[in-house]
Amino acid sequence: MPRATCVTIFGEVEAPDVTAVRAERAAPELRELYERMLRIRQFEAKVDVLYRQGRVRGPAHLGLGQEAIAVGVASVLGPGDHSLGTYRGHAHALARGAPEEAVLRELLGRVGGICGGKGGSMHITSVEHGYYGSYAIVGGHIPTAVGMAWASRIRRDGAVTACFFGDGTTNIGAFHEAVNLAAVWKLPVVFVCENNLYMEYTPIGDVIPVDRPAADRAPAYGLAPIVVDGNDVAAVRETALAAVERARRGDGPSLVEALTYRLGGHSVADGGAYRDPDEVAAARTRDPLVRLATELARSGAMTVEASDALVAQVKAEMDALAVRVLAEPTADGADAWTGMWSDGGATWRN
Amino acid sequence: MPRATCVTIFGEVEAPDVTAVRAERAAPELRELYERMLRIRQFEAKVDVLYRQGRVRGPAHLGLGQEAIAVGVASVLGPGDHSLGTYRGHAHALARGAPEEAVLRELLGRVGGICGGKGGSMHITSVEHGYYGSYAIVGGHIPTAVGMAWASRIRRDGAVTACFFGDGTTNIGAFHEAVNLAAVWKLPVVFVCENNLYMEYTPIGDVIPVDRPAADRAPAYGLAPIVVDGNDVAAVRETALAAVERARRGDGPSLVEALTYRLGGHSVADGGAYRDPDEVAAARTRDPLVRLATELARSGAMTVEASDALVAQVKAEMDALAVRVLAEPTADGADAWTGMWSDGGATWRN
Amino acid sequence: MAQLTFREAVAAALDQEMARDETVVLLGEDVGSGGVFKTTAGLRDRFGPERVWDTPISEQAIAGAAMGAAAAGLRPVAEIMFSDFYATCWDQVANEIAKACYMTGGQLRMPLVIRGSNGGGLGFGAQHSQSIENWAMCVPGVKIVSPSTPDDMWGLLAASIRDPEPVLVLEHKALFGTKSEWPGGDHVVPLGEAALRRSGEDVTLVGLARTVGMCEQAAVALADEGIAADVLDLRCLVPLDAAAVLASARRTGRVVIVEENPGQLGWGAAVAAILAEEAFDDLRAPIVRVSGGNVPLPVATAMEAEVMPSPEKVVVAARGLLEGRVPAASTARV
Amino acid sequence: MAQLTFREAVAAALDQEMARDETVVLLGEDVGSGGVFKTTAGLRDRFGPERVWDTPISEQAIAGAAMGAAAAGLRPVAEIMFSDFYATCWDQVANEIAKACYMTGGQLRMPLVIRGSNGGGLGFGAQHSQSIENWAMCVPGVKIVSPSTPDDMWGLLAASIRDPEPVLVLEHKALFGTKSEWPGGDHVVPLGEAALRRSGEDVTLVGLARTVGMCEQAAVALADEGIAADVLDLRCLVPLDAAAVLASARRTGRVVIVEENPGQLGWGAAVAAILAEEAFDDLRAPIVRVSGGNVPLPVATAMEAEVMPSPEKVVVAARGLLEGRVPAASTARV
Ligand SMILES: Cc1ncc(C[n+]2csc(CCOP(=O)(O)OP(=O)(O)O)c2C)c(N)n1
Ligand SMILES: Cc1ncc(C[n+]2csc(CCOP(=O)(O)OP(=O)(O)O)c2C)c(N)n1
Ligand SMILES: [Mg+2]
Ligand SMILES: [Mg+2]
């Protein structure tokens, strides 16, 4: 596979392999991708506020700054395709079309939460939209994603499964077993490593013996190393498209390393004191939304005024949504005894 | 690292990296290595017979045909060094100097077994000789070996840990986590993958997405791919020496893939029907003992008559040993309630 | 009538369900060549490689693949060769599969089976002999099945495959060679119904898998002493047929629970606790357990026998109850 | 006198033992920066990177490294951040560490500690809230400690580090903020001794970690109703101070066991089974358990409260026993 290099916010890296990208598929307007990213950004910004107000129970891990990966990949998935994410999964659920209100109800413990109030922030799921769940054990969902792709191969249903995880996750055994099995069985799955440079508080460079957590591991599974600027939604989209088409062709899995940065802490409870303020400041200038807005303005696709207005409008929508959901009754305790089995019950004995 | 190639019994492969081998260490006589391999071969041949006579309880996995790896690596380890192996561990224990009689007592369930009758064939251990145990969960002992090397780094005691496992083991998560951690922490450990081409009944080629189970994974941990002819004890010794010296220098771990073949079944209960008879026949002509005897004869180090006499003598010793041990009383049932805790007891409550 | 071994029963149930439902697929190590216990013999030849998949040694990937395939609507049957190896994929079983349906508000379904050998008595040692039904019972969200006869092995495995929930089927390796009569046609035994193997009014002997036979042998010996025993085969731990245990205990007033897993925290403790809470007033004697010893399993013949339950230990326990003493036989204390 | 939080007690015990014994070394994810619960705060600054090691996200390597270092003679203390993650290294814990000493005939020693957060009540959900003391109790060969006060957290962790056996120390995350008085000097609390937190002759309330406080609150409420309760804090499940439980039960004749882990097979069942076998004749009422619900843990406030034990549930259970009914409060049945 040809290995050109491209300059990203993290300096020179290998260029995405887009040899397989087909021209016939027209890219949706960048403006549309911008709007999707913006809605997710504003949704999570609101969640951040609500958490600080003590209204979100349990931890919440935001993807602020990583939206281009969720939106870029989701933009090349069809309704029949599957995706799975982590505790940092709000963006991935929303990018597939999960309703903002049902997700917020879940986060705020109100009736009608998308997981019935049982899952919370770390387990947002919307099977109806092809999003098969958010999982909170690092790496635990990667074998599950492989199993979904295995089912697609057995049934020849043409579906592709996308699986998102972080840079730190490449060090856990489940990652190794799952990517290896997918490669041995040539399964239609696209592994997307969101390399935000940190495993919780520890810089990824301190805990890997190679430069790139995913790309430098790919050859161990007979896969090509692929690195993409994860803060460039168009680049993510092109790279994902190539990987998805390869999967649909039956040529097997891809392991994509998308370089990004989380603008906030590991979770809303983390101030991120372990990071150099200059590093954070530099990353802010590469905020995928800022970059895209600038590009849209330059290309004349959307004026600065228009994007400012859009931001204000979406922000207002999220404020209104929060007010509406907070007015709803909280989830009912008795429901805890339901839904462990598919018959709706939870009893283990007679 | 330079990658010459050498012809092995499996065709052309990368040559072992021996750049680090120091000349000042004189190799012990090949004849001595031959004798060690021969004793192990005859010991296991006897175990095979005893098993078929129904005298060995539980499974027994023999290393017939793989002796050159155990002996070659052990020949470069000092008394303070550690090694760990698998359920296929008789050879590794004996190669470090574990007494044949205590091992046989363990296998035959007699008093005075090296693990007190509790471990059996799959858990032969001789800490006194630096052999920290045989483990029966595939991959489960690799993190343990890394921990021993970690202790050596902390204490700067100069000890090196050698860890043996099979080709199929490179697909399990524990392998990934352990080799990765050893590389991140630059620990003095030598991982030796005994590639005998089969994971139980399945050819390794059917379950890996690369050509070489260990060597092709090494770069994922920032390590050099190293392949050696595991049926050539001198080559194994040179390769192991280089890896051990690298470890002692503080340059970190090595992952060595030693190509070999098990002449028997996966366990003594397995006839190996899944293997092509021609493949087995071809492998027999490459029996490491046959090769070494031929070489010794050619070089005049040991005549054919002398080696035949040696074989007969060692075989007689093993027959006598078995007779002696079988005459011993069987292990006492009451001992089952001892030794779970270091105070010798096993109670969990008052 | 034709004889059926426990080993053949596993293959027969798989064969029956694979023929009946093309969404049933198998995966595991060496399953294609029949498996190390020959419990999947002949299936790849009959159903082909698209239905029977040989895997690498990757238990996390095996259990996870089963989970994903189930989420996608198939009915995977994964083999974990020795139940001790559940430890290498415990996250997939205990944290993912058992919780997926509940924590997603019912969006995910897990119609899968994980099956394989369990238990000791053959000298396989500490890492290949454990009875891990107690590990599984600690985790709400999975069903647990462990048959005691070839006939049940077939019927309960078939029912497990048809069940909409994740089911762990533990096949006692010491039973693989046992025989019973070949059951007729489409054979299914419902989950959650204990079987009364023998009845008597003096004492209730409760067993699972291999310990059921021990209870039956003990009952025969006790009969010679004029002690009549109920022998209850639980068959499943989840769903547990607690009603059957309670009913028998209320009748006899005396209970001996015979479990192979360690007594320190075995399934027998759960049964004893239920009885102590719900049948207290009807009990005429202490609830006694004959349990696996609280040590890793040793290999030497006499040592392994020492820490295993046995018909003799059951007889001593039951006799003690009738004579009004708490018998020394209980290994739960060691 | 100075106040000490449960969180600080962990760091204080580690600090005390690391200063005392240079073979004590720590490893885990983010432990160098103090850990996500701040339980290792300040230790790398004081003892340096050769004593406090940040690891990759590799629980199998973490637990295995601890095992190997212990085999080599160090006294490693490994952090498993949330006890749910034990599932990802269960093989190292249950099959290797717990069995190494026994299966090698005593050739290997395992003087190690694995510690980290355990338990629910904070809305962390199904995969970050489990009480896994029952998982551990299924496996002979490891000691199990779970303190209920900051003072005990310090002393029991210190004793665990000095212990020659592998010890799993489960730190209840809902207790990290609780306070007690700063203990004096070199503080150690021996393993295996239950603590009688309060005494009364009518009923025995048995708790562990967070449920001890629930028992104490319940005892206060019961006292207002004229019911006097013994409150027994087990502190350790292995070694279990069964004698203390038996002694109290024989005195009061009534026992309520309060456990957070699922009642389906929780440590409370083990305690109940021991009582039903060994104190049967002294019991005046059924043994009742107030247990964690047999479901994965939900996040919504009311739902999580619904499936957790509580002082109110304990009061209802105890009152019921005094009134001669098996109370409906027991969640073990659900
Ligand atoms: C098995 C396991 N170990 C540890 C954790 C705790 N933990 C949660 S997120 C996280 C860091 C993950 O880093 P990365 O994979 O880079 O993903 P990111 O959070 O940066 O998106 C850790 C250690 C966990 N959830 N599961
Ligand atoms: C975790 C685990 N899975 C499966 C097994 C069963 N098993 C024992 S040996 C073996 C094959 C191992 O193959 P390899 O690593 O090549 O070693 P070899 O036996 O060839 O020496 C398997 C699958 C096991 N012991 N542990
Ligand atoms: Mg990260
Ligand atoms: Mg092999």
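Structure first, text after, so check above.
Residues numbered from 1 in each chain as written. Chains lettered and ligands numbered in written order. Predicted model: local features only at pLDDT ≥ 70, side-chain atom pairs only at ≥ 80, totals over all residues. Heavy atoms only, no water.

A. The arrangement of the overall build of chain C in detail. Per the secondary structure count, chain C includes 11 helices and 14 strands. The C-alpha atoms of chain C give a radius of gyration of 20 Å, which matches the 20 Å a tight globule of 334 residues would have. Each principal axis of the C-alpha distribution contributes one length, and for chain C these read about 60 × 45 × 40 Å. Taking all 334 residues of chain C together, the buried fraction comes to 75%. Put simply, of all contacts in chain C between residues at least 6 apart along the chain, 80% involve residues at least 24 apart. Put simply, chain C shows about 8000 Å² of open surface, and 50% of that area lies on carbon and sulfur atoms. Here chain C contributes 27 positive and 42 negative side-chain charges, whose respective centroids are spaced 2 Å apart. (Helix = DSSP H or I, 4+ residues; strand = E, 2+ residues; numbered from the N terminus. Rg over C-alpha atoms; globule rule 2.2 N^0.38 Å. Buried < 20%, exposed > 50% of the residue type's maximum accessible area, 1.4 Å probe, protein only. Contact = heavy atoms within 4.5 Å. Areas by Shrake-Rupley, 256 points an atom, 1.4 Å probe, with all protein chains shown as cover. Lys, Arg positive; Asp, Glu negative; His and termini not counted. Charge placed at Lys NZ, Arg CZ, Asp CG, Glu CD.)

B. Molecular detail of the interface of chain D and chain B. Across the contact, 51 residues belong to chain D and 40 residues belong to chain B. At the boundary of chain D with chain B, total buried surface from both sides reaches about 3900 Å², with 63% on carbon and sulfur atoms. It is W53(D), Y102(D) and M103(D) in chain D that bury the most area against chain B; as a group they hold 19% of the surface buried on that side. The interface formed by chain D and chain B contains two salt bridges. The shortest N-O distance in the salt bridge between R349(B) and E278(D) comes to 2.8 Å. Taken together, the links from chain D to chain B amount to 17 residue pairs in polar contact (both at pLDDT 80 or more). Contributing elements (two or more residues each) for the side of chain D that touches chain B: β2 (24-28), β3 (52-54), α3 (59-71), α4 (90-103), β12 (236-238), α8 (242-252) and α9 (267-278) of chain D. When residues of the side of chain D that touches chain B are assigned to their parent elements, the largest contribution, nine residues, is made by α3(D). (Buried area = accessible area lost by both parts, 1.4 Å probe. Salt bridge = Lys/Arg side-chain N within 4 Å of Asp/Glu carboxyl O. Polar contact = N/O pair within 3.5 Å; in protein donor to acceptor, adjacent residues only side chain to side chain.)

C. How the structure looks around the coordination of the magnesium ion (ligand 3). Residue and element names in this part refer to chain A. Protein ligation of the magnesium ion (ligand 3) involves D167 (OD), N196 (OD1) and Y198 (O), the donor distances falling in the range 2.1 to 2.2 Å. Each donor residue of the magnesium ion (ligand 3) belongs to the same chain, with the gaps between them written as D-x28-N-x1-Y. Taken as a pair, N196 and Y198 share a single burial class, namely buried. (Donors = N, O, S within 2.8 Å, 3.2 Å for Na, K, Ca; no water.)

D. Molecular detail of the site of ligand 1. Close contacts around ligand 1 come from 22 residues, with Y87(A), A136(A), G168(A), T169(A) and E59(D) the closest. Site remark: ligand 1 is flanked by residues from chains A and D. One nitrogen or oxygen atom from the side chain of T169(A) is found 2.7 Å from an oxygen atom belonging to ligand 1. At 3.4 Å from a nitrogen atom of ligand 1 is found a side-chain nitrogen or oxygen belonging to E200(A). Taken together, the residues of the shell around ligand 1 break down into 10 nonpolar, seven polar and five charged. (Near = heavy atom within 4 Å. Nonpolar A, V, L, I, M, F, W, Y, C, P; charged D, E, K, R; others polar.)

E. Structural detail: the sheet that holds strand β5 (residues 161-166) of chain B. All names here are of chain B. Taking strand neighbours across the sheet as the criterion, the six strands line up as β4-β3-β5-β6-β10-β9 in an open arrangement whose pairing is parallel. Pairing within the sheet leaves two strands with one partner each, and these edge strands are β4 (131-135) and β9 (226-229). Between one strand axis and the next, the sheet turns through 20° on average, direction left out of account. By the bridge criterion, three bridges tie strand β3 (residues 82-86) to β4 in an arrangement that is parallel. Opposite S83, over in β4, you have Y131 as the bridge partner. The sheet strands contacting helix α7 (residues 233-248) are β6 (189-195), β9 and β10 (254-259), and the helix crosses β9 at an angle near 150°. (Pairing = 2+ DSSP bridges. Axes fitted to C-alpha atoms, helices over the stretch in contact; angles between N-to-C directions.)

F. Looking closely at the packing of helix α9 (residues 267-278) of chain C against α9(D). One can describe the packing of α9(C) onto α9(D) by two numbers: an axis separation of 8 Å at closest approach and a directional angle of 65°. The two elements α9(C) and α9(D) meet at a crossing, and its hand is left-handed. In contact with A269(C), A270(C), A272(C), A273(C) and A276(C) of α9(C), α9(D) contributes A269(D), A270(D), A272(D), A273(D) and A276(D). Grouping the constituent residues of the contact of α9(C) with α9(D) by class yields 10 nonpolar, no polar and no charged. (Left-handed = near helix turned anticlockwise from the far one by under 90°.)

G. View of the relation of the copies chain C and chain D. Each copy superposes on the other: chain C lies on chain D with an RMSD of 0.0 Å after a rotation of 180° and an axial shift of 0.0 Å. Taken together, the turn and the small shift mark the pair as related by a two-fold rotation axis. Most of the interface of chain C is mirrored in chain D, where 100% of its interface residues are also at the interface. (Least-squares fit on C-alpha atoms with pLDDT ≥ 70 in both.)

H. Just the site of ligand 2, in detail. For ligand 2, the set of nearby residues contains 22 residues, the closest of which are Y87(B), R88(B), A136(B), T169(B) and E59(C). Ligand 2 sits at a junction of chains, with neighbouring residues supplied by chains B and C. One of the backbone nitrogen or oxygen atoms of G168(B) is found 2.9 Å away from an oxygen atom of ligand 2. Considered on its own, ligand 2 offers 580 Å² of accessible surface; in the complex 98% of this is hidden by protein.

I. Structural detail: the packing of aromatic side chains. For the coordinates displayed, the defined rule picks out 35 aromatic pairs over all chains. Here the aromatic cluster, defined as three or more aromatic residues joined through ring pairs, consists of F6(C), F37(C), F82(C), F85(C), F124(C) and F176(C). Sitting over the ring of W341(B), K143(D) keeps its end group 5.7 Å from the ring centre. (Phe/Tyr/Trp six-rings, centres within 6.5 Å; stacked < 30°, edge-to-face > 60°. Lys NZ or Arg CZ within 6 Å of the ring centre and 35° of its normal.)

J. Geometry of the pattern of salt bridges. Considering all chains together, one arrives at 74 salt bridges over all chains under this definition. For R44(D), the salt bridge is made with D54(D), and the minimal N-O distance between the two is 3.1 Å. With R44(D) in helix α2 (residues 43-47) and D54(D) in strand β3, this residue pair connects regions lying 10 residues apart in the sequence. Looking at R44(D), the relative accessible area reads 30%, which means it is partly exposed. Overall, D54(D) belongs to the buried group, its relative accessible area being 18%. A salt bridge links R289(D) to E259(D); the shortest N-O distance between them is 2.7 Å. Pair noted here: R289(D) is in strand β14 (residues 288-292) and E259(D) is in strand β13 (residues 255-262), with a separation of 30 residues, a long-range link. Taking relative accessible area as the criterion, E259(D) reaches 0% and is therefore assigned buried. What emerges from the salt-bridge pattern is a single network uniting E101(A), R105(A), R324(A) and E328(A).

K. Just the interface of chain C and chain D, in detail. Each side of the interface is counted separately: chain C has 50 residues, and chain D has 50 residues. At the surface where chain C touches chain D, the tally comes to zero salt bridges. The tally of links from chain C across to chain D stands at 18 residue pairs in polar contact (both at pLDDT 80 or more). Residue assignment for the side of chain C that touches chain D shows that the elements contributing at least two residues are α4 (90-103), α5 (133-137), α9 and β14 (288-292) of chain C. The element that contributes the greatest number of residues to the side of chain C that touches chain D is α4(C), accounting for nine residues. Classifying every residue of the side of chain C that touches chain D gives 31 nonpolar, 10 polar and nine charged.

L. The arrangement of the coordination of the magnesium ion (ligand 4) in detail. Residue and element names in this part refer to chain B. Around the magnesium ion (ligand 4), the donor atoms from the protein are D167 (OD), N196 (OD1) and Y198 (O), and they sit 2.1 to 2.2 Å away. In primary sequence terms, the donor set of the magnesium ion (ligand 4) follows D-x28-N-x1-Y. In this pair, D167 sits in the loop between β5 and α6 (173-184) while N196 sits in the loop between β6 and β7 (198-199), placing the two residues 29 residues apart along the sequence. Residue D167 shares its accessibility class with N196, and that shared class is buried.

M. Quick peek at the environment of P203(A). All names here are of chain A. Positionally, P203 belongs in strand β8 (residues 202-203). Since its relative accessible area comes to 32%, P203 is described here as partly exposed. When the C-alpha atoms of P203 and A269 are compared, they prove to be 18 Å apart, with 66 residues separating the residues in sequence. Contact partners of P203, with chain neighbours within four places excluded, come to L197 and Y198.

N. Main features of α9(D). All names here are of chain D. Taking 1.5 Å per residue as the helical rise, α9 with its 12 residues ought to reach 16 Å, and the 17 Å between its terminal C-alpha atoms agrees with that figure. Burial analysis of α9 places 12 of its 12 residues in the buried class, which makes it a mostly covered element. Within α9 the residues assigned to the buried category are W267, G268, A269, A270, V271, A272, A273, I274, L275, A276, E277 and E278. (Expected span 1.5 Å × (residues − 1).)

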